[in-house]
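Notes for the structure review
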Amino acid sequence: MKKKNICFYSGDITNSGGTERVAIIIMNELNKCEAFNISVVSLVEKEKEPFFELDKNIPRYTIYDHVVRGITHIGGIINRTRKVVKEHDIDVLIDIDGILEMYTIPVKRLTKVKVISWEHYNFYQNPIVPYRKYTRRMAARWADAIVTLTEEDKGYYKNNLNVRCPIQCIYNPVMWKENVGAYDSDSKIILSAGRLTYQKGFDILVDVADLFLKDYPDWKWIVLGEGEDREMLEDKTKEKGLDKQLLFPGNVSNIDDYYAKAAMFVMTSRFEGLPMTLLETKPFKLPIVSFDCKTGPKELVQDGVNGYLIAEGDIRGMAESIVKLINQQNKRIMFSRKTQLDMKKFELEEIVDCWKSLLTMI
């Protein structure tokens, strides 16, 4: 039986973001399957090699050798994507960013290639460009399948659009670590991580810290990551006199060491798809305090069991919950012991099986 040629479609697979990381994990695993030939096409590749390790046997194609503005080059991108589909006999295109339906849906109608829309934001968020609302409608009408990161988001699609194709929740995987030590209940480090952007709400995090951190001078709050908000965040931290305790070390190559030494993990995001940072805490058994934003936290945290879920934007509620954990070591230990409840659905093998079933079905 002929192998299916599956091509993942990316804006730039060499980027260092969570979307690219998860896509590469899934590509590498699917490439081990006898039923599929896996490849990846990017609109452009800004780096010579992907930031995350991609199997060398997976071919990479590019649409352009320089950055172009998608909205003004729609015709050219569609035509070049069609050529890639034809030249490499692609059976299925998987958009790893829903905005790419602008190009792949027309290509589907020109070539009969199957299209899967893999949504990494939640239904109500339209970051960077406003016309995601339109491409979601395109996917609902013409895609061959839609993949959401949470059951919650799947419900939003069903409730808001007339979805004509199968829609399936497939979680991002948790990557279990070897030789992870015991939870450090004596730690006095609060940890957060993510790109320093509006989405991640680190400006709110500074306001939260301002409510309590000076009262606990032996505690530090470390925020890992880089981004366009760095200068603003550092200035705000200094203005509030928190710069000795609230630290922004940037991107680090040894992030696991930070997880291993933390007392808790805090997420202040305004919105998510499925937050990878919360998944990454699981092998390290960290209690979590998170805003209950759309979407994902409630599928990873059981409120009062292994962490606290705080109403969106409730700065005081977030600070009070962190202080509870600072003051109650026994509570931290109890939460830590229950951090891995209901985690089977996030295991890599389960998730890859879901992808195999979907690719076999369409």
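Just so we're clear, the structure is a prediction, and the values are computed from it rather than from any experiment.

This part takes up the sheet that holds strand β4 (residues 92-95). Two strands in a sheet stick together by hydrogen bonds in their backbones, pointing the same way (parallel) or opposite ways (antiparallel). Spatial ordering of the open sheet is given by β3-β2-β1-β4-β5-β6-β7, a layout of seven strands whose pairing is parallel. Single-partner strands in this sheet number two, and they are β3 (60-62) and β7 (167-169). Neighbour-to-neighbour, the strand axes of this sheet turn through a mean angle of 25°, independent of strand direction.

Further remarks concern the packing of aromatic side chains. Enumeration over the complete set of coordinates arrives at eleven aromatic pairs. With a centroid separation of 4.9 Å and an interplanar angle of 80°, the aromatic rings of Phe51 and Phe52 are classed as edge-to-face. Given the relative accessible area of 18%, Phe52 is considered buried. Residues Phe123 and Tyr157 carry aromatic rings whose centres are separated by 5.1 Å and whose planes lie at 70° to one another, so their mutual orientation is edge-to-face.

A few words now on a positive patch on the surface. A surface patch of like charges, here positive, comprises Arg109, Lys112, Arg141 and Arg164. Tracing the backbone through its elements, the reader meets Arg164 in the loop between α5 (151-160) and β7.

Now for the side chain of Lys200. Relative to the assigned elements, Lys200 resides in the loop between β8 (189-193) and α6 (202-210). What makes Lys200 buried here is its relative accessible area of 16%. Ignoring any residue separated from it by four or fewer positions in sequence, one finds Lys200 in contact with Arg195, Thr268, Ser269, Arg270 and Glu272.

Their axes nearest at 5 Å, the elements helix α11 (residues 315-327) and helix α12 (residues 329-337) cross at an angle of 100°. Relative to α12, the element α11 is oriented roughly perpendicular. Within the contact between the two elements, α11 uses Leu325, Ile326 and Asn327 and α12 uses Gln329, Lys331, Arg332 and Phe335.

Right, let's get into the side chain of Ser187. With respect to the helices and strands, the residue Ser187 is situated in the loop between β7 and β8. Engagement of the side chain of Ser187 in a polar contact is seen with the backbone nitrogen of Ala263, the distance being 3.1 Å. In contact with Ser187, not counting residues within four places along its chain, are Trp219, Lys261, Ala262, Ala263 and Arg332.

Locating Glu178 in the fold gives a position in the loop between β7 and β8. Judged by relative accessible area, which is 71%, Glu178 ranks as exposed.

Quick look at the sheet that holds strand β9 (residues 220-224) now. Within the open sheet, the six strands sit side by side as β10-β9-β8-β11-β12-β13. Their pairing is parallel. Sheet topology places β10 (246-250) and β13 (307-310) at the edges, where each strand pairs with a single neighbour. Taking the axes of each pair of neighbouring strands and ignoring which way they run, one obtains an average angle of 20° across the sheet. Alignment of β8 against β9, held across five bridges, turns out to be parallel. Paired with Ile190 across the two strands is Trp221, which belongs to β9.

A few words now on α12. Among the residues of α12, Arg332, Phe335 and Ser336 are the ones counted as buried. Here the buried residues of α12 occupy an arc of 100° about the axis, which is enough to place them on one side. Within α12, the exposed residues directed more than 90 degrees away from the buried face are Asn330 and Arg337. Buried residues along α12 sit in contact with β11 (264-267), β13 and α11.

Further remarks concern the pairing of strand β12 (residues 288-291). Of the two faces of β12, the one lined by Ile288 and Ser290 and the one lined by Val289 and Phe291 are each fully buried. Pairing of β11 with β12 involves three bridges; the strand directions are parallel. The residue bridging Val266 from the neighbouring strand is Val289, located in β12. Considered for its hand, the β-α-β crossover made up of β11, helix α9 (residues 276-281) and β12 is right-handed. Across four bridges, the pairing between β12 and β13 is parallel. Its bridge partner being in β13, Val289 is matched across the sheet by Tyr308.

The end-to-end C-alpha separation of helix α2 (residues 74-87) is 20 Å, in line with the 20 Å expected for 14 residues at 1.5 Å each. Of the residues making up α2, those classed as buried are Ile77, Ile78, Thr81, Val84 and Val85. The buried residues of α2 all sit within an arc of 125° when viewed along its axis, so they share a single face. For α2, the exposed residues set more than 90 degrees away from the buried face come down to Gly75, Lys86 and Glu87. Those residues of α2 that are buried are in contact with β1 (4-10), β2 (36-42), β3, β4 and α3 (101-111). A positive phi of about 50° marks Asp89, the residue just after α2.

What counts, and where the lines are drawn
Residues numbered from 1 in each chain as written. Predicted model: local features only at pLDDT ≥ 70, side-chain atom pairs only at ≥ 80, totals over all residues. Heavy atoms only, no water. Pairing = 2+ DSSP bridges. Helix = DSSP H or I, 4+ residues; strand = E, 2+ residues; numbered from the N terminus. Axes fitted to C-alpha atoms, helices over the stretch in contact; angles between N-to-C directions. Phe/Tyr/Trp six-rings, centres within 6.5 Å; stacked < 30°, edge-to-face > 60°. Buried < 20%, exposed > 50% of the residue type's maximum accessible area, 1.4 Å probe, protein only. Patch = residues over 30% accessible without salt bridge, like charges linked within 9 Å, V, L, I, M, F, W, Y side chains within 5 Å. Areas by Shrake-Rupley, 256 points an atom, 1.4 Å probe, with all protein chains shown as cover. Salt bridge = Lys/Arg side-chain N within 4 Å of Asp/Glu carboxyl O. Lys, Arg positive; Asp, Glu negative; His and termini not counted. Charge placed at Lys NZ, Arg CZ, Asp CG, Glu CD. Contact = heavy atoms within 4.5 Å. Parallel < 35°, antiparallel > 145°, perpendicular 65-115°, else oblique. Polar contact = N/O pair within 3.5 Å; in protein donor to acceptor, adjacent residues only side chain to side chain. Arc of directions from axis to C-beta. Right-handed = clockwise from strand over helix to strand, strands pointing away. Expected span 1.5 Å × (residues − 1).

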